[in-house]
Amino acid sequence: MRLILLGPPGSGKGTQAKLIVDRNNIPQLSTGDMLRDAVEAKSEVGIKTKSAMDSGKLVSDAIVISIVSDRIDMPDCANGFILDGFPRTLAQADALAVMLEGKGLKLDCVVELQVDDDALVDRISGRFTCEVCEEGYHDKYKLPKKAGECDRCGSEEFVRRADDNAKTLMTRLRAYYKKTAPLVGYYYAKKLHHGINGMGDIDGIAEDVQALLENV
Ligand code: AMP
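Rules used throughout
Residues numbered from 1 in each chain as written. Predicted model: local features only at pLDDT ≥ 70, side-chain atom pairs only at ≥ 80, totals over all residues. Heavy atoms only, no water. Near = heavy atom within 4 Å. Polar contact = N/O pair within 3.5 Å; in protein donor to acceptor, adjacent residues only side chain to side chain. Helix = DSSP H or I, 4+ residues; strand = E, 2+ residues; numbered from the N terminus. Nonpolar A, V, L, I, M, F, W, Y, C, P; charged D, E, K, R; others polar. Pairing = 2+ DSSP bridges. Axes fitted to C-alpha atoms, helices over the stretch in contact; angles between N-to-C directions. Contact = heavy atoms within 4.5 Å. Buried < 20%, exposed > 50% of the residue type's maximum accessible area, 1.4 Å probe, protein only. Arc of directions from axis to C-beta. Disulfide = S-S within 2.5 Å. Phe/Tyr/Trp six-rings, centres within 6.5 Å; stacked < 30°, edge-to-face > 60°. Lys NZ or Arg CZ within 6 Å of the ring centre and 35° of its normal.

K.L.:
Which residues make up the site of the ligand, and what values go with them?
P.N.:
Residues in close proximity to the ligand total 16 residues, the closest being T31, R36, K57, G85 and Q92. Contact distances for the ligand include 2.6 Å between an oxygen atom and a backbone N or O atom of K57. Measuring from an oxygen atom of the ligand, one finds a side-chain N or O atom of R88 at 3.0 Å. Counting residues per element, the shell around the ligand draws most heavily on helix α2 (residues 31-41), which supplies four residues. A per-class count over the shell around the ligand returns six nonpolar, four polar and six charged.

K.L.:
Can you explain the sheet that holds strand β3 (residues 81-84)? Please cite residues and give values.
P.N.:
Taking strand neighbours across the sheet as the criterion, the five strands line up as β2-β3-β1-β4-β8 in an open arrangement whose pairing is parallel. Strands with a single pairing partner mark the edges of an open sheet, and in this sheet they are β2 (28-30) and β8 (193-197). Averaged over all neighbouring strand pairs, the angle between strand axes comes to 25°, with direction disregarded. Across four bridges, strand β1 (residues 2-6) lies against β3 in parallel orientation. Residue pairing for β3: L3 is matched across the bridge by I82. With respect to the sheet, helix α9 (residues 202-213) is in contact with β1, β4 (109-114) and β8, its orientation differing from that of β8 by roughly 155°.

K.L.:
Give a description of the sheet that holds strand β7 (residues 158-159) that names residues and reports values.
P.N.:
Strands sit in the order β6-β5-β7 across an open sheet of three strands; the sheet is antiparallel. Strands at the two margins of the open sheet, each flanked by one partner only, are β6 (136-138) and β7. Bridge count for strand β5 (residues 127-130) against β7 is two bridges, and the pairing is antiparallel. Along β7, the bridge assignment pairs C130 with F158.

K.L.:
Talk me through helix α3 (residues 44-55); I want residue IDs and the actual numbers.
P.N.:
Listed as buried for α3 are G46, T49, A52 and M53. Each buried residue of α3 sits inside an arc of 135° when the element is viewed along its axis, so together they form one side. Within α3, the exposed residues directed more than 90 degrees away from the buried face are I47, K48 and S51. Against α2 and α4 (61-72) lie the buried residues of α3. Positioned one or two residues after α3, G56 has a phi angle of 85°, which is positive.

K.L.:
Any chance you could break down the state of the cysteines for me, citing the residues and the numbers?
P.N.:
Under the criterion given, the structure shown has zero disulfides. In this model C133 remains outside any disulfide bridge; the closest cysteine sulfur is found in C150, 3.6 Å from its own. Note on C150: relative accessible area 3%, which makes it buried.

K.L.:
Could you give an account of the packing of aromatic side chains, with specific residues and numbers?
P.N.:
To describe a pair of aromatic rings, one takes the distance between the centres and the angle between the planes. Scanning the model with the defined rule gives five aromatic pairs in all. Measuring from ring centre to ring centre gives 5.7 Å for F128 and Y137, while their planes differ by 25°; the resulting arrangement is stacked. Using a relative accessible area of 3% as the deciding quantity, one classes Y137 as buried. Summarising the aromatic geometry, the rings of F128 and F158 are spaced 5.6 Å apart at their centres and angled 80° between planes, so their arrangement reads as edge-to-face. Of this pair, F128 sits in strand β5 while F158 sits in strand β7; the two residues are 30 residues apart in sequence, bridging distant segments of the chain. An aromatic cluster is built from F128, Y137 and F158, whose rings are joined through pairwise contacts. In this structure, K142 is placed above the aromatic ring of Y137, and the distance from its NZ or CZ to the ring centre is 5.0 Å.

Written out as C-alpha cells, the structure is:
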C-alpha cells in the first residue's frame, strides 16, 4: 500500500500516519521530520533549508524530491509507505509520478484530511511531542495520562516545534492553500483522491481512514 496523506498543517496527518503505521506495518515518510533531522544534524541539506523552515516557507522542490527518492529506495519501503507532507506542490506531484514510474511502483490512494481553519490554529498552538518516542500530545485535547510522563515510553522530556506559533502558522497556511491545495484536483482527476472528515476524535478518524484503506 502506497499512499499520500494530504491536508493543511494541523489537520492530523502526523497523528493519523502513526496509527496507519501501527495497523498496516508500512513506514511513515514525513518530509518535515526528515528536514528537521537535517537541520538538527547541521547537514548540508539542513544548512540550506533552515531559514525556509523557520519562517514556514516551503523548501525547494529539488531538495525534497531527492530526499524522498532516496528514502523510498530503503528496504523498509518494500511493502509500501505513507507520504506525510509530500508532495506539497504540483511540481513535486509530477516528480513523484515520474519517480514512482521509474522505480516500477504505483500509488494506491491519496487521503485528504479535511479540517476547518479555526480548528487548525487551535490544534497547532497547543501541540507538543515526546522527545524520545515522538508520541504527540496537546495542551487541551491530549495530555499525558500521568502529568509530565509520556504514555508510550515513560520519558519526561517533551518538545514543541519552533514553527508551531501563530505567526508562522499563517505563512504555512498560505503556502498550503496557494501551493498544496491544487493537489486535491490533481489527484481527483487521477481517481486517487479520497476526502476524510478530520474534525472528529483521533480514534474515530483512524477508523474511517482504515475502512477506506481496506477498500482501495
Ligand atoms: P511539516 O512537518 O510537514 O509541517 O513541515 C515543516 C516544514 O518543512 C514546512 O513548513 C516546510 O518548510 C518544510 N517542508 C516539509 N515538507 C516539504 C515539502 N514537501 N516541500 C517543501 N517544504 C517542505
